[in-house]
Amino acid sequence: MSAPYFTLPEFKYVKPSSLEEALEILEEHGEEAKIMNGGIGVVAFLKERLMEAEYIVDIKGIPELKKIEYIPGKGLYVGATTTVNELIEFLDKSPEVREKYRALYEASTHLADAILRNRATIVGDILEGLPYMDAPGPALIFEAEMHAVSKSGERWLPVDGIVMGPMMTQLQPNEIVTEILFKEPPEGARSGYVKFASRTEYGIVNVAALVAHPNDPGKRVVKIAFTGATPLPYRAREAEEVFKKPEPFGKLVEEAVRVIQDSVEVLEDPYASADFRKYLMGILTTQLLVKLARGEW
Amino acid sequence: MSKQAFKVLGKPVPPPDSYEKVTGTAPYTFDMELPGMLYAKLVTSTEPHARIKSIDYSKALQVPGVRIVATGKDFPVRIGIYVGDRDMLAIEKALWVGHPVAAVVAESIKAAEKAIDLVEVEYDPLPAVFDVEEALKPDAPLLHPDIANYKISPAFKPVPGTNIANQFRMIKGEGEAGFDKADLVIEKTFKMPFLHHAYMETWNTIAHYKVTGDIEIWTSSQSPYAPRYLMAMSLGVPVGKIKMRIPYVGGGFGGKAGVLIEPLVAMLSKKAGYKPVKLVMSRAEQMRSMPVIAGYKAYAKIGFSKDGKIVAYKVRFLFDTGAFADYTVNVARTAGYACTGVYDMPNVYCESLAIYTNKVPTTAIRGFGYPENHWVLERLMDMAARELRMDPVKIRSINLLRPGDPTSTTGYGSPLRADAGDIQGVLKTSAELIEWDKEPEQPKEPWKIRAKGIAMSLKGPSQPPNAVDAAIVKFNEDASVDILVATGNYGQGTVNALRMIVAEAFDLPLDKVHITWMNSTEWMPYTWQTVGSRSTFTVGQALLRAVEDAKRQIFDIASTVLKVPADQLELADGKVYVKGEPWMSIPLTEIVNGYTFPNGQVLGGPIIGRGIHSPGILSYLDPDTGQALPINPETGHSEPGHATVFYTFGSTAVEVELDLLTGDIKVLKATQVYDIGRLINPLTAKGQAIGGLIMGMSRALYEELIFDDSGGVANPNFSFYYVARAKDIPDDIRIKFLETPQADGPFGARGFSENVMIAVIPAIANAIERATGVSITELPMTHERVWRAIKEQRPDLIEKALKAFQEWKNASQG
Ligand SMILES: Cc1cc2nc3c(=O)[nH]c(=O)nc-3n(C[C@H](O)[C@H](O)[C@H](O)COP(=O)(O)OP(=O)(O)OC[C@H]3O[C@@H](n4cnc5c(N)ncnc54)[C@H](O)[C@@H]3O)c2cc1C
């Protein structure tokens, strides 16, 4: 964010009112057309001249992309154009669902600020692909998938791996994400989110974690994901495996942290060194996991 | 006068501009549009240091709507307030990444923004220097080889042939030799980063150079006269031809003092065919291309006797001014002459250099050298307290200056006046408010520590000795009063305080005293500048004299009408009374435009009072010794001179919580104590104290401009240049004002609105030092910096904390 401009480069703005119409436009213009959701990221990238588009396709006029629905046993379906504040409001009104998706709720309330959250969408936050976003971590621990449709078909894509870099995803230019599914967490799971910011409004380390039956090795499930510290959202699968061992939870936390610190590729920038990030990943993950296990989070 | 005697002073009065601001109806320069207006946009350098070989703007001119493109060749003049080193557009050389090298003027901002991308600049790179110590080396690349030919104000001494924009030295007593007597000597190096002022409104200017040669300007400056004069001087335009108008301004913090971009926009207006031109800065442009706040490195050494008295102090400030030092030379000089802070020291050697580097230029800042020098000195006091096993309050108390004692002098040799304020009372009150003697309650996590820290501050306006001010009061037909002062109103509440002073002095209700939002050289009388917390004090005095002047005229008329001598009259409740005979009176409404007798004859005319403030007691400091020059005895004052018209004493104490595992510092409680002479408006005074606390905290913990490898600002936005937010504000803020009146202050008042941030910064680090023995000397105190400092200086603490953390973790294993 260092470009001098007040104005945006020229583009044609289209706001289709049906999914059909939107897909048509994308099909026709391919790479020349870019999808705009809340537009927070799109406008910033345009303003910075980091993105070019002949057509900006605003999908906010498509009614079926706005939804929030919790289906017991399946999970939480959040429409593509659902804003972060709409999600927070929904969860505030359904405390049981909120507790199931506590990490998502906490990440949402720490995402940007109240005004931005009126526009920013969960799907957009994930697809924007910057390293320090808050929505991807919870998406990874809830094994989230996005539903992508195009003229030629539809598919469900796991969020893990969907992002390849800033504004770069596995999606085809003719595909629109209609919704994201946060899968039903394992029975008895508790989850939480830590955003550790230092001199920026984004976290230098963000941890999302989920713990179920910590003291019952047979049933124990632990999921851990990071953003902010790693170039891409990172699900610490190797570390999660550690918890399959029969040892006591606290001991495994130590081992899992070591696995993370030994294996992960960590960012280094003027806001925090790689060393410090790695160290913090250990402290914050330990704190979060232990507190979740004890029911103190 | 006792407090109860006041009708207006001491009451919480919201500034009238608040209503317009919160309703979004206050007009700023940014909002203003004129018929036929054109829009300018800057092309900036991509090189840190380079000769400009050529600028090809033929393609830019082809963009529809583009009128002209200007380069440094069009305006080869330099501007500035103290060291006139600034160019309007790079002259021959680009000096930093972000240096404006050309300007496009077009019919729309859109066309202008398109055109800047089409201006082709060919650079011939030169070696660049980004570090002050590198810049001091004999073979360092020179940024300003022609500095000897620049316009330099008499208080400043650049060193031609070097990158030194100003060199200030102060020696008191035996200087460095004083260390021979010290039982304890502490030596430390301190650092402060470059900062951004973070005012909400960026620099915005509209200029209309008219065919008549008159130049009308609307600008987001702090006050109108300084930019007008500086602009006239540099452009060679008669000063009276320039009408400098200042609408609402969205904050300043020193960053809109002196001259901004007015000369450039005026010249673009002329070149574009005498059309009004507007130039507004985006945040990124503001932070990369316009002046920010200088960083520094300081080498300090302090000597104490066993009983805790300071015997000698030495400090060398190396201020990094970036590519232009214009205003910063005075920030650096002030840090030098006020280096001794609130303490009496027999032997002092302070040196302060302002040094050019190939980075964004710098300018004035709230606090103006005082946060900088207090960060060093107030930290050293706590380090000494620790070494000497003394209480930080006690070691301060025994070293404080003694107002009124001629043997206790500031570093530049002047004793403080007896009514300068209750310096011991400030320290004592601050300590009491934070409950200094009570141990903080410790959090349940054993890796977190709570601790208290304290620091003192003093601050005076850093104005030239000949900075003068005028004020006018005039009456409307209904006997209400208009105040005419050129004092800037950019959020501090000063003009509202001046209104309260006038209401009190005239005994008029507040709604009978009017102020206005638009400031201009056309109708407001001269004031040097609105900076340095000076205006309540200086312009307040001018206004009180204006009120006296108006009263004399009123009594003159009334004395004829009521047939009593003028000295028998008094003014109250909008009437002139005969003293002791209140039934003998005339309403002011019958006097303010002259008194009309029943026969229609008029006596006198419109009442207009004028008053001035002239400091008189200030003098230059000897450039070689830093000692104040003696005052001319024929003026009725005695030697030596002073550097400031007042000093205000302050103290901040904090209780902080430190997380040893993450380096996280939270300010839980804070005190703000200032002896401000007279509390004029408790509402805005409290606002300043809270705002200053947050700004100080923000500088202590978060703010830092980060530079990339080519010296360009890498975080020119508020996502990555983090400024304290609502969530960071401590819940528990304890504010107290002492009121030891200063005889010449208006109703005894002194200024204080910069002081409020100074002690905050060291107080936080002092708390950490007390709790852990870890000395933090570099700002901001980021998580990583604090964590590393603890790891280096007290690895045992981190080990202990980690052990406790392990124990806490393992406690879960059943
Ligand atoms: C000042 C500021 C502070 C911020 N702070 C935070 C923070 O603290 N934490 C945080 O996580 N984020 C933060 N952000 C980022 C912000 O939250 C994201 O920009 C926002 O969530 C993106 O969502 P959007 O709906 O606006 O997406 P858009 O900007 O509309 O889209 C983003 C990207 O996703 C693509 N896209 C969006 N929807 C679809 C779809 N349905 N199908 C296919 N592609 C799609 C777009 O084409 C584009 O590439 C901040 C942003 C700003 C400006």
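## Quick look at the packing of aromatic side chains
Moving on, step 1. One pass over the structure, following the stated rule, counts 36 aromatic pairs over all chains.
Moving on, step 2. Measuring from ring centre to ring centre gives 6.5 Å for Y77(A) and W156(A), while their planes differ by 75°; the resulting arrangement is edge-to-face. Of this pair, Y77(A) sits in strand β5 (residues 75–79) while W156(A) sits in strand β7 (residues 153–158), and the two are 79 residues apart along the sequence.
Moving on, step 3. You can call W156(A) partly exposed: its relative accessible area is 35%.
Moving on, step 4. Plain terms: the ring middles of Y28(B) and Y248(B) are 6.1 Å apart, the flat faces sit at 45° to each other, and that makes the pair tilted. Of this pair, Y28(B) sits in the loop between α1 (17–22) and β1 (38–44) while Y248(B) sits in the loop between β13 (242–246) and α6 (262–271); the two residues are 220 residues apart in sequence, bridging distant segments of the chain.

## Structural notes on the domain arrangement of chain A
Moving on, step 1. Under the domain assignment, chain A is made up of domain 1 (12–58), domain 2 (63–183) and domain 3 (190–294).
Moving on, step 2. Domain 1 of chain A and domain 3 of chain A are separated by 36 Å when their C-alpha centres are compared.

## Some points on the domain arrangement of chain B
Residue and element names in this part refer to chain B.
Moving on, step 1. Domains assigned within chain B are domain 1 (32–126 + 203–280), domain 2 (295–463 + 641–799) and domain 3 (468–613).
Moving on, step 2. Taken residue by residue, the interface counts 23 residues in domain 2 and 22 residues in domain 3.
Moving on, step 3. At the boundary of domain 2 with domain 3, total buried surface from both sides reaches about 1600 Å², with 66% on carbon and sulfur atoms.
Moving on, step 4. Of all residues in domain 2, I680, P746 and F747 give up the largest surface area on contact with domain 3, accounting jointly for 32% of the area buried on that side.
Moving on, step 5. Across the contact surface, domain 2 and domain 3 share zero salt bridges.
Moving on, step 6. In this assembly, domain 2 and domain 3 are joined by five residue pairs in polar contact (both at pLDDT 80 or more).
Moving on, step 7. The class makeup of the residues in the side of domain 2 that touches domain 3 is nine nonpolar, ten polar and four charged.

## Points about the state of the cysteines
Residue and element names in this part refer to chain B.
Moving on, step 1. The full count for this structure, using the stated rule, is one disulfide over all chains.
Moving on, step 2. Paired by a disulfide, C339 and C350 hold their sulfur atoms 2.0 Å apart. The sign of the 85° torsion about the S-S bond sets the C339-C350 disulfide as right-handed. Remark: C350 occurs in strand β17 (residues 347–356) and C339 occurs in the loop between α8 (328–337) and β17; sequence separation between them is eleven residues.

## Describing the pairing of strand β25 (residues 581–587) of chain B
Residue and element names in this part refer to chain B.
Moving on, step 1. Pairing between strand β24 (residues 575–578) and β25: four bridges, direction antiparallel. Each bridged residue has a counterpart across the sheet, and for Y577 the counterpart in β25 is S585.
Moving on, step 2. The hairpin turn running from β24 into β25, its antiparallel successor, is two residues long, and G580 in that turn takes a positive phi close to 80°.

## Topic: the sheet that holds strand β9 (residues 164–172) of chain B
Residue and element names in this part refer to chain B.
Moving on, step 1. If you trace the five strands from one edge of the open sheet to the other, you get β9-β17-β16-β15-β10, paired in mixed fashion. Edge positions in the sheet fall to β9 and β10 (184–192), since each of these pairs with one other strand and no more. Direction aside, the axes of adjacent strands within the sheet are offset by 5° on average.
Moving on, step 2. Direction of pairing for strand β16 (residues 310–322) relative to β17: parallel, over a ladder of ten bridges. Paired with Y313 across the strands is V348, a residue of β17.
Moving on, step 3. Against the sheet, helix α9 (residues 370–387) engages β10, β15 (295–304) and β16, with an angle of about 145° to β10.

## Looking at the interface of chain A and chain B
Moving on, step 1. In this assembly, 38 residues from chain A lie in contact with 43 residues from chain B.
Moving on, step 2. Summed over both partners, the interface of chain A with chain B comes to about 3500 Å²; 59% of that surface belongs to carbon and sulfur atoms.
Moving on, step 3. Between the two partners, chain A and chain B, sit four salt bridges.
Moving on, step 4. Notably, a salt bridge pairs E254(A) with K809(B), separated by 2.4 Å at the nearest N-O pair.
Moving on, step 5. At the boundary of chain A and chain B, one finds 20 residue pairs in polar contact (both at pLDDT 80 or more).
Moving on, step 6. At the level of secondary structure, the elements contributing two or more residues to the side of chain A that touches chain B comprise β11 (189–197), α10 (249–263) and α11 (274–294) of chain A.
Moving on, step 7. Per-element accounting of the side of chain A that touches chain B gives the leading share, ten residues, to α11(A).

## Comments concerning the site of the ligand
Moving on, step 1. Near the ligand lie 29 residues; those nearest to it are I35(A), N37(A), T121(A), E128(A) and D134(A).
Moving on, step 2. Proximal residues around the ligand fall on chains A and B, making this an inter-chain site.
Moving on, step 3. The backbone of I35(A) places a nitrogen or oxygen atom 2.6 Å from an oxygen atom of the ligand.
Moving on, step 4. Separating an oxygen atom of the ligand from a side-chain N or O atom of K195(A) is a distance of 2.8 Å.
Moving on, step 5. About the coverage of the ligand: the protein hides 90% of its 980 Å² of free accessible area.
Moving on, step 6. Those elements that place two or more of their residues in the shell around the ligand are β2 (33–36), α2 (40–47), α7 (122–128) and β10 (176–183) of chain A.
Moving on, step 7. With four residues, α7(A) is the largest single contributor of residues to the shell around the ligand.

What counts as what
- Residues numbered from 1 in each chain as written.
- Chains lettered and ligands numbered in written order.
- Predicted model: local features only at pLDDT ≥ 70, side-chain atom pairs only at ≥ 80, totals over all residues.
- Heavy atoms only, no water.
- Phe/Tyr/Trp six-rings, centres within 6.5 Å; stacked < 30°, edge-to-face > 60°.
- Helix = DSSP H or I, 4+ residues; strand = E, 2+ residues; numbered from the N terminus.
- Buried < 20%, exposed > 50% of the residue type's maximum accessible area, 1.4 Å probe, protein only.
- Domains from an automatic or database assignment.
- Contact = heavy atoms within 4.5 Å.
- Buried area = accessible area lost by both parts, 1.4 Å probe.
- Salt bridge = Lys/Arg side-chain N within 4 Å of Asp/Glu carboxyl O.
- Polar contact = N/O pair within 3.5 Å; in protein donor to acceptor, adjacent residues only side chain to side chain.
- Nonpolar A, V, L, I, M, F, W, Y, C, P; charged D, E, K, R; others polar.
- Disulfide = S-S within 2.5 Å.
- Pairing = 2+ DSSP bridges.
- Axes fitted to C-alpha atoms, helices over the stretch in contact; angles between N-to-C directions.
- Near = heavy atom within 4 Å.
- Areas by Shrake-Rupley, 256 points an atom, 1.4 Å probe, with all protein chains shown as cover.

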